Amino acid sequence: MNKSRTSGLLVSLGVTTSMLLSACDSGSAAVNTAIPAAATEVATAVMGGAMTPTTGAGAGGSGGTVKIAVDLPVGGAEGANGIPTRQGIQLAIDQANAAGGVTLDGKSYQIQMYYLDDVPPGEQAHNPAQGSKNADSFIADPDVMAMVGPFNSNVARSMMAKLNTAGLASISPSNTAIDLTNPADPKIKDLRPTDKITYFRVCTTDAIQGPVAADYAYDKLGKKAVYILDDTEVYGKGIADQFEKEFTAKGGTKLGRDGVPKGTTDFSSIMSKVAATKPDVLFYGGTQSNGIPLARKAMASAGMKIPLVGGDGIVESGYTKAAGADAEGDYGTVAAVNANLLTEAKSFIDAYTAKNKSDQWQGVPQAYSANGYEAANIIIAAMKAAGKKDREAVRAAIAATKDFKGVLGTSSFDAQGDTTNRWISIYQVKGGAWTYIDQQKFEK
Amino acid sequence: MHLDGILLLQQLINGISKGSLYALIALGYTMVYGIIELINFAHGDVFMLGSFTAVTLVGLFGITNSPLTDPLAIIGVLTATFLITMTATGLLGVVIERVAYRPLRNAPKLAPLISAIGVSYILQNVGSAWKGPATINFPKIFPDTQYILFSNGSSDVRVRTTTLLVLASSLILMVALTLFVQRTKLGKAMRATAMDRETAQLMGIGVNFTIGLTFFIGAALAGGGGLLYGLLIGGVQFQIGFQAGLRAFTAAVLGGIGNIPGAMLGGFLIGMVEAMSDNFLDARWTQAVVFGVLILILVFRPSGLLGQRVAEKV
């Protein structure tokens, strides 16, 4: 009796452990179901087809169409990320087509969007493996000249080597992970095996977001003693590292640092420890879906009346909704200029709103709509400059982008593919919603 | 790190409040294991659906951002939420047993275990479809006053009304369960079924009814735990059952699975281990510490701390 009981228990434990492991390596493991690869491809192909806008039949005697590939997360819980960004891209393409498309090899072409979702069918969140499959589809289509996307840094990591080997240029509207373009990183060779730069981005990186948050907290808010938490993931730990470096370099004190992995929900003992160190600000590196709203509540319960500062991972309505009144007064940074404030962006915003009035945001551009528009416009300008239906010519023209005047201001790409237009917007929770309050340019 | 008495006392309180929730959930694991030797992996997700039921009810009572102030209204809402949530999850437990476990009762041990994992995934997907994937705010039902117990001027030990409520309710539920199992006829039937199902049946005990009842009670306790969790943590999400369930399961094994006092003791110990690990180590090690404890126990005392008292298992 006793014996059989123990062995039954060990079997159960084995199963528990494997459940735990699977929960660790995929974002929303609990709802993940294995989908046969073939089924996924068929499904995305159908989706891609359905999403494809009006196929430009091309003017008489023209060359037909060229395509801009787009990889964004839209399915599951990701609509708020992918849809507004895709609408920005679509607007750029429509405007270019209305103005006559592009002339390549002496023939006139209409531009078409080739869109694929990196949320696998039936799942909730972006998935690097799906991004990698999408890259294969884009590479296989000879009409694809360049790509806009992906949205998430971990998806970029799975797509970059394939796109680089194929010589297909991509511009991300929103990736902020530092190591994607860091020449000093020993793993950079895995991401760009050919040494040619094919990966570009129009937003700045966590190398800038973290330090700007630190400058802002130290100089503008007058905070001198910080306690740092991170969600132990690539993005969260990275931005917290950068914050810590800059904050202590300025003379601020780091009282302590803890990792709070996804799945932590009871933060009472962590926050009691933090409160005992008497910080005047708390920095959180991570995404809001990894439990920070609950930590914010526990902060208040532990008697801390100090603001929390975080990166763009918490500047989402999910944070203010779940953390409620306790989040009031918190700060967050976003690695983009606030397009709503730039005069150059006025006509973009008007056109965007007119076109998308009926969407769930009533046509108001979201955090990365302007970035999508900008990325697509840089590609269109590069195609015109290249004048050839040739991926390498387009890639070279994108790399040569200099002082491009667009809705994000004036941008060039540096030798690593990063934008030189390095603005960070600062947001604060006011009246239960993230509100733009300030912006800082990073000059170092 | 220097020893700070005030902070340690605070962590003791945190540990007890975490532990009382783990204990409530652990009871469901241990009762079910005691009676049919099944690790009911869906139990944590029943707890999650309990918290979802509670947050829905609280919304139906019209509580959004401002807590109630009238004491009668508070007691009324709390009692109604407790009763409805516990009944709903209790019935869910009965249905799960009837549909997913009873047909497999005489199958090899692995079959119901796999079935339990399947139910766990189904319940998580139900939760995700019901409330979406994001964390949702659990509104305060009553003003969450903080009482300062001790203070040395710069630091203090504080306890919230919610913590007191969680402690009181879970203690009441555990005492009620112990009395039920030890003092009532139905409790006796449960103990008899746990000891020897066939003989119990020969003695005229309705075995199916008794097993169903065990699932009802275990799931109802998890539902009550779900409500208390929502009040304590302030937010719920469809994956909370996984982590909470794993820790409660660890607690049940620590105490000696199948043993009711053991599950309570295990719950409080795990809560304490967590609080102390959070306090003295970087919090990123806490999960490793908790499951390290589980491994140590299985190696050195496979039957758990109170596991010898198998005769009294339920």
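Residues numbered from 1 in each chain as written. Chains lettered and ligands numbered in written order. Predicted model: local features only at pLDDT ≥ 70, side-chain atom pairs only at ≥ 80, totals over all residues.

Engineer: Please provide a residue-by-residue account of the overall build of chain B, values included.
Structural biologist: A tally of helices and strands in chain B yields eleven helices and four strands. A compact globule built from 314 residues would reach a C-alpha radius of gyration of about 20 Å, and chain B, at 20 Å, matches this within 12%. With respect to the principal axes defined by its C-alpha atoms, chain B has extents near 65 × 45 × 40 Å. The buried share of chain B, reckoned over its 314 residues, is 52%. When contacts within chain B are restricted to residue pairs at least 6 apart in sequence, those whose partners lie at least 24 apart make up 79%. (Helix = DSSP H or I, 4+ residues; strand = E, 2+ residues; numbered from the N terminus. Rg over C-alpha atoms; globule rule 2.2 N^0.38 Å. Buried ≥ 20, exposed ≤ 12 C-beta atoms within 10 Å, placed from the backbone. Contact = placed C-beta atoms within 7 Å.)

Engineer: Give me the lowdown on the overall build of chain A, citing residues and values where you can.
Structural biologist: Helices and strands together make up the secondary structure of chain A, namely 14 helices and 15 strands. Counting only residues that meet the buried cut, chain A has 54% of its 444 residues in that class. The long-range share in chain A, meaning contacts at least 24 apart out of those at least 6 apart in sequence, stands at 74%.

Engineer: Provide a residue-level description of the interface of chain A and chain B, including the pertinent values.
Structural biologist: Contacts between chain A and chain B engage 40 residues on the former and 49 residues on the latter. Residue assignment for the side of chain A that touches chain B shows that the elements contributing at least two residues are α1 (2-25), β8 (253-259), α9 (268-276), α10 (292-301) and α11 (317-323) of chain A.

Engineer: Summarise the domain arrangement of chain A; cite the residues concerned and give the values.
Structural biologist: Residue and element names in this part refer to chain A. Along its sequence, chain A is organised into domain 1 (36-203 + 340-413) and domain 2 (207-334 + 426-441). The gap between the C-alpha centroids of domain 1 and domain 2 is 31 Å. Taken residue by residue, the interface counts six residues in domain 1 and seven residues in domain 2. Counted by class, the side of domain 1 that touches domain 2 contains three nonpolar, three polar and no charged residues. (Domains from an automatic or database assignment. Nonpolar A, V, L, I, M, F, W, Y, C, P; charged D, E, K, R; others polar.)

Engineer: Please give an account of helix α4 (residues 128-140) of chain A that cites residues and values.
Structural biologist: The end-to-end C-alpha distance of α4 of chain A, which contains 13 residues, comes to 19 Å, matching closely the 18 Å that a straight helix rising 1.5 Å per residue would cover. Every buried residue of α4 of chain A is accounted for by Gln 130, Gly 131, Lys 133, Asn 134, Ala 135 and Phe 138 of chain A. (Expected span 1.5 Å × (residues − 1).)

Engineer: Any chance you could break down the sheet that holds strand β11 (residues 331-334) of chain A for me, citing the residues and the numbers?
Structural biologist: Residue and element names in this part refer to chain A. Strand order in the open sheet made by the seven strands is β8-β7-β9-β10-β11-β14-β15, with mixed pairing throughout. Both outer strands of the open sheet, β8 and β15 (433-441), are each paired with one neighbouring strand and no more. Taking each pair of neighbouring strands and ignoring which way they run, the sheet shows an average axis angle of 25°. In this sheet, β11 lies alongside strand β10 (residues 308-310) in parallel orientation, the contact comprising two bridges. Bridge assignment links Val 309 to a residue of β11, and that residue is Tyr 331. (Pairing = 2+ DSSP bridges. Axes fitted to C-alpha atoms, helices over the stretch in contact; angles between N-to-C directions.)

Engineer: Just give me the short version of the sheet that holds strand β4 (residues 144-148) of chain A, but keep the residues and values in it.
Structural biologist: All names here are of chain A. Across the sheet, six strands lie side by side as β2-β3-β1-β4-β5-β6; this open sheet has mixed pairing. Edge positions in the sheet fall to β2 (102-104) and β6 (199-201), since each of these pairs with one other strand and no more. The sheet shows a mean angle of 35° between the axes of neighbouring strands, taken without regard to direction. Pairing geometry for β2 and strand β3 (residues 107-117), over three bridges, is antiparallel. Counted as the bridge partner of Thr 103 is Ser 108 from β3.

Engineer: Go over the environment of Arg 197 of chain B with me, naming the residues and quoting the values.
Structural biologist: All names here are of chain B. Structurally, the position occupied by Arg 197 is in helix α7 (residues 197-202). C-beta crowding within 10 Å serves as the criterion here: with 17 such atoms nearby, Arg 197 is assigned to the partly exposed category. Arg 197 sits eleven residues away from Asn 208 along the chain, and the two C-alpha atoms are 9.9 Å apart.

Engineer: Please give an account of helix α6 (residues 185-195) of chain B that cites residues and values.
Structural biologist: Residue and element names in this part refer to chain B. Of all the residues in α6, the buried ones are Ala 189, Met 190, Thr 193 and Ala 194. Each buried residue of α6 sits inside an arc of 135° when the element is viewed along its axis, so together they form one side. Residues of α6 that are buried make contact with α1 (5-36), α5 (161-183), α7 and α8 (207-233). (Arc of directions from axis to C-beta.)

Engineer: I'd like to hear about unusual backbone geometry, residue by residue, with values.
Structural biologist: All names here are of chain A. Cis geometry is found at the peptide bond from Gly 149 to Pro 150, where omega equals -10°. Among the structural elements, Pro 150 can be located in the loop between β4 and α5 (153-166). A positive phi is found at Thr 232, a non-glycine position, where the angle reads about 65°. Checked against the element boundaries, Thr 232 lands in the loop between β7 (225-230) and α8 (234-249). Backbone geometry at Asp 403 places phi at a positive 50°, although glycine is not the residue there.

Engineer: If you had to explain the nonpolar core to someone new, which residues and values would you point to?
Structural biologist: Residue and element names in this part refer to chain A. Ranked by internal contacts, the top residues of the largest apolar core, which has 209 residues, are Ile 68 and Ile 379. In terms of domain composition, this core takes at least three residues from each of domain 1 (36-203 + 340-413) and domain 2 (207-334 + 426-441). The residues contacting Ile 379, other than those within four sequence positions of it, are Ile 68, Ala 146, Val 148, Ile 171 and Ile 398. (Core = buried A, V, L, I, M, F, W, Y, C linked by C-beta atoms within 7 Å.)

Engineer: Tell me about the packing of α4 of chain A against α5 of chain A, and please be specific about residues and values.
Structural biologist: Residues and elements named next belong to chain A. Packing of α4 against α5 leaves a shortest axis separation of 7 Å and a crossing angle of 25°. Taken together, α4 and α5 sit at an angle that is classed as roughly parallel. Crossing handedness for the pair α4 and α5: right-handed. Contacts from Pro 128, Ala 129, Gly 131, Ser 132, Ala 135, Asp 136 and Ile 139 of α4 reach α5 at Asn 154, Val 155, Arg 157, Ser 158, Met 159, Lys 162, Leu 163 and Ala 166. (Parallel < 35°, antiparallel > 145°, perpendicular 65-115°, else oblique. Left-handed = near helix turned anticlockwise from the far one by under 90°.)

Engineer: Lay out the confidence of the model for chain B in plain terms, naming residues and giving numbers.
Structural biologist: Averaged over all residues, the pLDDT of chain B is 90; the fraction at 70 or higher stands at 97%. Model confidence for the complex: the whole-complex pTM is 0.76, and ipTM, which rates the interface, is 0.87. (pLDDT = per-residue confidence, 0-100.)

Engineer: Hey, could you go over the confidence of the model for chain A for me, with residue numbers and the actual values?
Structural biologist: On average, residues of chain A score 84 in pLDDT, and 85% of them are at 70 or above. Overall, residues 1-60 of chain A carries pLDDT values under 50, and its contacts beyond four positions in sequence, including any with other chains, amount to 70 contacts.

Engineer: Kindly report on the pairing of strand β5 (residues 169-172) of chain A, identifying the contributing residues and their values.
Structural biologist: Residues and elements named next belong to chain A. Going residue by residue along β5, you find Ala 169 and Ile 171 tucked away on one face and Ser 170 and Ser 172 tucked away on the opposite face as well. Of the strand pairs in this sheet, β4 and β5 are connected by three bridges, and their pairing is parallel. Counterpart to Ala 146 in the pairing with β5 is Ala 169. As for the winding sense of the linkage, the β-α-β connection from β4 through α5 to β5 is right-handed. (Right-handed = clockwise from strand over helix to strand, strands pointing away.)

Engineer: Any details on the packing of helix α7 (residues 206-220) of chain A against α8 of chain A? Residues and values, ideally.
Structural biologist: All names here are of chain A. Put simply, α7 and α8 touch, their axes get as near as 7 Å, and they point 45° apart. Judged on the interaxial angle alone, α8 and α7 are oblique. With respect to the hand of their crossing, α7 and α8 are arranged in right-handed fashion. The segment α7 lies against α8, with Asp 206, Ala 207, Gln 209, Gly 210, Pro 211, Ala 213, Ala 214, Asp 215, Ala 217 and Tyr 218 engaging Tyr 235, Gly 238, Ile 239, Gln 242, Phe 243, Glu 246 and Phe 247.

Engineer: With reference to specific residues and values, describe the pairing of strand β1 (residues 64-72) of chain A.
Structural biologist: Residues and elements named next belong to chain A. Burial analysis of β1 places seven of its nine residues in the buried class, which makes it a mostly covered element. Relative to β3, β1 runs parallel, the two being bridged by nine bridges. Residue pairing in the sheet places Asp 71 in a bridge with Leu 116 of β3. With four bridges connecting them, β1 and β4 associate as parallel partners. Across the sheet, Val 70 pairs through a bridge with Val 148, a residue of β4.

Engineer: Could you give an account of the environment of Thr 165 of chain A, with specific residues and numbers?
Structural biologist: Residues and elements named next belong to chain A. Inspection of the secondary structure puts Thr 165 in helix α5. According to the C-beta neighbour criterion, Thr 165 is partly exposed, with 15 such atoms within 10 Å. Those residues in contact with Thr 165, other than ones at most four positions away along the chain, are Pro 193 and Thr 194.

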